[in-house]
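Observations on the three-dimensional arrangement
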Amino acid sequence: MPRGRTGNRRTGNRRTDNRRTSRNRLDNFRRGDRIQVFSAGRQLDGNGIFIRVENGFLVWEDNSGNRNTTSLEVISIRRLRSGNCH
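The structure reproduced in this document is the subject of the present report. Quick caveat: nothing in here was measured; it's all calculated off a predicted structure. (Residues numbered from 1 in each chain as written. Predicted model: local features only at pLDDT ≥ 70, side-chain atom pairs only at ≥ 80, totals over all residues. Heavy atoms only, no water.)

By the criterion of burial, strand 1 (residues 34-39) is predominantly enclosed, with five of the six residues buried. Strand direction decides the pairing type here: strand 1 and strand 5 (residues 75-79), joined by five bridges, are antiparallel. Across the sheet, residue valine 37 finds its bridge partner in strand 5, namely isoleucine 77. (Buried < 20%, exposed > 50% of the residue type's maximum accessible area, 1.4 Å probe, protein only. Helix = DSSP H or I, 4+ residues; strand = E, 2+ residues; numbered from the N terminus. Pairing = 2+ DSSP bridges.)

This brings us to the side chain of glutamine 36. By secondary structure assignment, the location of glutamine 36 is in strand 1. With relative accessibility at 9%, the residue glutamine 36 sits in the buried group. In this structure the side chain of glutamine 36 is engaged in a polar contact, spanning 3.2 Å, whose partner is the side chain of asparagine 47. Within the structure, the side chain of glutamine 36 is placed 2.3 Å from the side chain of arginine 78, a separation counted as a polar contact. (Polar contact = N/O pair within 3.5 Å; in protein donor to acceptor, adjacent residues only side chain to side chain.)

Formed by Leu26, Phe29, Ile35, Val37, Phe50, Val53, Leu58, Trp60, Leu72, Ile75 and Ile77, the largest nonpolar core amounts to eleven residues. Of all the secondary-structure elements, those providing two or more residues to this core are strand 1, strand 2 (42-54), strand 3 (57-62) and strand 5. (Core = buried A, V, L, I, M, F, W, Y, C linked by side-chain atoms within 4.5 Å.)

Turning to the side chain of aspartate 62, a few remarks are in order. Of note, aspartate 62 is situated in strand 3. Despite being buried, aspartate 62 has no salt bridge partner; arginine 34 is the closest side chain of opposite charge, sitting 9.2 Å away. (Lys, Arg positive; Asp, Glu negative; His and termini not counted. Salt bridge = Lys/Arg side-chain N within 4 Å of Asp/Glu carboxyl O.)

Following the criterion strictly, the structure yields two salt bridges and no others. Where arginine 79 meets aspartate 33, a salt bridge forms, and the shortest distance between an N and an O atom there is 3.2 Å. Of the two residues, arginine 79 is situated in strand 5 and aspartate 33 in the loop between helix 1 (14-25) and strand 1; the sequence distance between them amounts to 46 residues. The buried category is assigned to aspartate 33, whose relative accessible area is 17%.

As enumerated under the stated definition, the model contains one aromatic pair in all. Over the ring of phenylalanine 29 we find arginine 79, and its NZ or CZ is 4.6 Å from the ring centre. (Phe/Tyr/Trp six-rings, centres within 6.5 Å; stacked < 30°, edge-to-face > 60°. Lys NZ or Arg CZ within 6 Å of the ring centre and 35° of its normal.)

Below you can see the structure in the form of structure tokens.
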């Protein structure tokens, strides 16, 4: 075992671990899901449609048809049920 290690567990850098955690948190979202996107507790540009997660960013489309790319480090996402689509 290399000097300074006390076990077989490897630890990654924190930034990579946070990105991995964010991606795992979004695994239940599927392309086409209706979503609300929040930053600092404030809703961004109404409701939208989940497209994908790519390289630490959420790719989504707002109700105006604009494609948005938003960093996962600064947002929260809520899935809308079909009855909540405005």
